Amino acid sequence: MRTGSGGLVRLGDIVRIDQQPTLQTITRRDRERAITLTANVIPGVSQSLAIERSMQIAQANMPDGYRVVASGSARTFAESFESLFFAMVLGLMVAYMVLASQFNAFTHPFTVLLALPFSVSGALVALLLAGQSINVYSMLGIILLMGIAKKNSILLVDFTNQARASGMERHEALLHACPIRLRPILMTSIATIAGALPPALAVGPGAELQRPMALSIVAG
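Residues numbered from 1 in each chain as written. Predicted model: local features only at pLDDT ≥ 70, side-chain atom pairs only at ≥ 80, totals over all residues. Heavy atoms only, no water.

Asks: Hey, could you go over the packing of helix H2 (residues 47–61) against helix H3 (residues 73–103) for me, with residue numbers and the actual values?
Replies: Contact geometry for H2 and H3: axes closest at 11 Å, N-to-C directions at 120 degrees. Taken together, the axes of H2 and H3 are oblique relative to one another. Every pair of crossing elements has a handedness; the one defined by H2 and H3 is left-handed. Contacts between H2 and H3 involve Gln47, Ser48 and Ile51 on the former and, on the latter, Ser73, Ala74 and Phe77. Split by residue class, the contact of H2 with H3 holds three nonpolar, three polar and no charged. (Axes fitted to C-alpha atoms, helices over the stretch in contact; angles between N-to-C directions. Helix = DSSP H or I, 4+ residues; strand = E, 2+ residues; numbered from the N terminus. Parallel < 35°, antiparallel > 145°, perpendicular 65-115°, else oblique. Left-handed = near helix turned anticlockwise from the far one by under 90°. Contact = heavy atoms within 4.5 Å. Nonpolar A, V, L, I, M, F, W, Y, C, P; charged D, E, K, R; others polar.)

As structure tokens, then:
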């Protein structure tokens, strides 16, 4: 090293050199040093349960000054579910407002949307019986299913209101409207089921990814 007067001094005369092994690269995330742990989910365990259990184990065993955060596919999984849940809630709110303006009433949209829990329950039972989990694909299927069920319910409620406007009593209007509107509802449902049946049976390459979505639509 060069001194202030211009002379040279051996580095070994002024410092002590120790050689120690260290990391070739230092990974940082959010300006903090980070170590990434990866794992695969065993069969029969959902990804959400595996992530929750991993977080609990890490938080219980990490020393002070360390923290654990989800990243990679685990973070994408959580963000996707939050986005889908937000889309489903927002869709229900928009559907209620549109139906309220269409029927010019606040009660009829609620009657239409009463069909949604029954369709979702059918989808959940099918996923349980088939050994499938609630994932991004099944959530997409449930959202699509809710739109189909809402459309069928609109057909019934709207035609029933027309019958009541012509002078029929409520019970009589229902008995008149339901058989007439059953045919278009069955036509739509059968066409939807026929289109979703091949992936629901896991026929063809890559169909296992679409099977949860197809099962939700068919059973719902």
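Right, picking up where we left off after that structure.
Asks: Run through the nonpolar core, naming residues and quoting values.
Replies: Ranked by internal contacts, the top residues of the largest apolar core, which has 16 residues, are Leu99, Phe103, Val112, Leu116, Ile142, Met146 and Ile154. Elements with a minimum of two residues in this core: H3, helix H4 (107–113), helix H5 (115–129) and helix H6 (136–165). Among the elements that make up this core, the one with the highest residue count is H6 (seven residues). Once residues lying within four places of it in the same chain are set aside, the contact partners of Phe103 are His108, Val112, Ile154, Val157, Asp158 and Asn161. In terms of nonpolar packing, the next biggest core, distinct from the first, is built from six residues, Leu127, Ala214, Leu215 and Ile217 among them. (Core = buried A, V, L, I, M, F, W, Y, C linked by side-chain atoms within 4.5 Å. Buried < 20%, exposed > 50% of the residue type's maximum accessible area, 1.4 Å probe, protein only.)

Asks: Give me the lowdown on unusual backbone geometry, citing residues and values where you can.
Replies: Phi at Arg31 takes a positive value of approximately 65 degrees, unusual for a residue other than glycine. Looking at the secondary structure, you find Arg31 in the loop between strand E1 (28–29) and strand E2 (32–33).

Asks: Lay out H5 with the relevant residues and their values.
Replies: Over its 15 residues, H5 extends 22 Å from the first C-alpha to the last, a length consistent with the 21 Å expected when each residue adds 1.5 Å. The complete set of buried residues in H5 reads Leu116, Ser119, Val120, Ala123, Ala126 and Leu127. Seen from one end, H5 has its buried residues packed into an arc of 120 degrees, which puts them on one side. Looking at H5, the residues exposed on the side facing more than 90 degrees away from the buried face are Phe118, Leu128 and Leu129. At the exit of H5 stands Gly131, carrying a positive phi of roughly 75 degrees. (Expected span 1.5 Å × (residues − 1). Arc of directions from axis to C-beta.)

Asks: How would you sum up the pattern of salt bridges? Please name residues and give values.
Replies: Once their charged atoms are close, side chains differing in charge can pair, the charge on each being opposite to the other. Scanning all chains against the criterion turns up two salt bridges. Residue Asp18 is joined to Arg16 by a salt bridge in which the shortest nitrogen-to-oxygen separation is 2.5 Å. Here Arg67 makes a salt bridge to Glu32, at a shortest N to O gap of 2.7 Å. With Arg67 in the loop between H2 and H3 and Glu32 in strand E2, this pair connects stretches of sequence that are 35 residues apart. (Salt bridge = Lys/Arg side-chain N within 4 Å of Asp/Glu carboxyl O.)

Asks: So what's going on with the side chain of Asn152? Residues and values would help.
Replies: Among the secondary structure elements, Asn152 is positioned in helix H6. Reaching out from Asn152, the side chain makes a polar contact with the side chain of Lys151 at a distance of 2.7 Å. Discounting residues that sit within four places of it in the chain, Asn152 has contacts with Ile185 and Ser189. (Polar contact = N/O pair within 3.5 Å; in protein donor to acceptor, adjacent residues only side chain to side chain.)

Asks: Quick one: what's the story with the packing of H6 against helix H7 (residues 170–200), residue by residue and with numbers?
Replies: Packed helix pairs are specified by the crossing angle of their axes together with the interaxial distance, meaning the distance between the axes. As a packed pair, H6 and H7 sit with axes 8 Å apart at the nearest point and diverge in direction by 150 degrees. Between H6 and H7, the angle is such that the two are roughly antiparallel. For the pair H6 and H7, the sense of crossing is right-handed. Across the interface between the two elements, Ile148, Lys151, Asn152, Leu155, Leu156, Phe159, Thr160, Ala163 and Arg164 from H6 touch Arg170, Ala173, Leu174, His176, Ala177, Cys178, Ile180, Arg181, Ile185, Thr188, Ser189 and Thr192 from H7. Each residue belonging to the contact of H6 with H7 can be placed in one class, and the counts come to eleven nonpolar, six polar and four charged.

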